[in-house]
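Reading the structure
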Amino acid sequence: MYKQLKKQLDEKRIIDRTIEELTDRIEFIIHKKLGLKGSSYSDIKIEMIGVTDDKYLQAFAKVENLDKDREQLIEEKKIIDDFINDVYKSINNMNNLELNVFKCRYMLGLSNKDTAERLSFSIQRIKQINKEIIQKLKD
């Protein structure tokens, strides 16, 4: 669970940066290469109807491809956000002890032994609490 949660959070950060970079590139092409005032593919699509200049068509096609990539990343980000929101909802249903074990095990990546030492409990108790956490994450 720790690795999955960490991977999802890392991917979300990468996707956010990539979406921002694609948006900046789209705006740059629209403003500098096409000389239009829109800031997205949908803004300029109507303005490009009837344009036959090859230079503009190539730039418009590039904007269209970048926009498709951006839209796919936004959909992927939504899936990750849903996963993270489910984890947060599960966290809200945990008591303080479960939250402490969750933090140690799934956010810090500590073993049962390290978690037990850190929280001053037996390894068996940490395993029991961990089972309860896993059950709450499944619900």
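Look up: the structure comes first, before these words.
Not measured: the values here are computed from a predicted model.

A few points about the pattern of salt bridges
Taken as a whole and assessed by the stated rule, the structure comprises eleven salt bridges. With its nearest N and O atoms 3.3 Å apart, the salt bridge here joins Asp10 to Lys6. Of this pair, Asp10 and Lys6 both sit in helix α1 (residues 2-33), four residues apart, which is roughly one turn of that helix. The partner of Asp10 in a salt bridge is Arg13, and the shortest N-O contact between them spans 2.4 Å. You can see Asp10 and its partner Arg13 sitting in helix α1, three residues apart, about one turn around the helix. Linked through salt bridges whose partners overlap, the residues forming this network are Lys12, Asp16, Lys77 and Asp81.

So, the side chain of Arg70
With respect to the helices and strands, Arg70 occurs in helix α3 (residues 54-92). Exposure remark for Arg70: the relative accessible area of 16% places this residue in the buried category.

About the criteria used
Residues numbered from 1 in each chain as written. Predicted model: local features only at pLDDT ≥ 70, side-chain atom pairs only at ≥ 80, totals over all residues. Heavy atoms only, no water. Salt bridge = Lys/Arg side-chain N within 4 Å of Asp/Glu carboxyl O. Helix = DSSP H or I, 4+ residues; strand = E, 2+ residues; numbered from the N terminus. Buried < 20%, exposed > 50% of the residue type's maximum accessible area, 1.4 Å probe, protein only.

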